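Tertiary structure, described
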Amino acid sequence: MKDSKLRDLSLDFAVNVLKMCEDLNGHYSIKNQIERSSTSIGANIHEANYAHSRADFISKLQIALKECYETEYWLELFSKAEIIDEQTHKALYNQCGTIHRLLVASINTAKANSDK
């Protein structure tokens, strides 16, 4: 299996979110939400590598992007509710933003290549 910067970043991000959640007391339902959305990003990116078609590949990346948007929301909520400190929020939000930008670029490239 070839190396993938996007896959590696999404895995590292999911691990960081899970570690953050381990340190939190209470808020079980929203911790569950951010754990699910953040780990789903990488799972869908990984699954895209085994897509049956270019359309399937694009679809998996679009799902990962939607999960990225959801995770950004949960990070904002955690920050505004002062569940996490600003440093943790900023670090995770920046990681998520990097993945977000790479997903958009990958989706756009895949769509452009499918038009040829």
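To start, this report covers the structure provided alongside it. Since this is a predicted model, take the numbers as computed values, not measurements. (Residues numbered from 1 in each chain as written. Predicted model: local features only at pLDDT ≥ 70, side-chain atom pairs only at ≥ 80, totals over all residues. Heavy atoms only, no water.)

Quick look at the overall build of the protein
- Looking only at helices and strands, one finds four helices and zero strands in the protein.
- Reading the protein from its N end, one meets helices and strands in the order α-α-α-α.
- Compactness check: the protein gives a C-alpha radius of gyration of 15 Å against a globular reference of 13 Å for 116 residues, within 12% of the reference.
- Along the longest, intermediate and shortest principal axes, the C-alpha atoms of the protein span 50 × 25 × 20 Å.
- Counting over 116 residues, the protein shows a buried share of 40%.
- Pairs at least 24 residues apart make up 73% of the contacts formed inside the protein by residues separated by at least 6 positions. (Helix = DSSP H or I, 4+ residues; strand = E, 2+ residues; numbered from the N terminus. Rg over C-alpha atoms; globule rule 2.2 N^0.38 Å. Buried < 20%, exposed > 50% of the residue type's maximum accessible area, 1.4 Å probe, protein only. Contact = heavy atoms within 4.5 Å.)

What about the packing of aromatic side chains?
- Summed over the entire model, instances satisfying the criterion amount to one aromatic pair.
- With centroids separated by 5.0 Å and ring planes inclined at 70°, the aromatic side chains of Tyr73 and Trp74 adopt a geometry described as edge-to-face.
- For Tyr73, a relative accessible area of 48% corresponds to the partly exposed category.
- Judged by its relative accessible area of 13%, Trp74 falls in the buried class. (Phe/Tyr/Trp six-rings, centres within 6.5 Å; stacked < 30°, edge-to-face > 60°.)

Here's the deal with the state of the cysteines
- In the structure shown here, the tally under the stated rule is zero disulfides.
- The thiol of Cys21 is not disulfide-bonded; the next cysteine sulfur, from Cys96, is found 13 Å away.
- Cys96 supplies the cysteine sulfur nearest to Cys68, a cysteine that is in no disulfide, at a spacing of 3.4 Å. (Disulfide = S-S within 2.5 Å.)

By themselves, these figures tell us nothing about what the structure is for.
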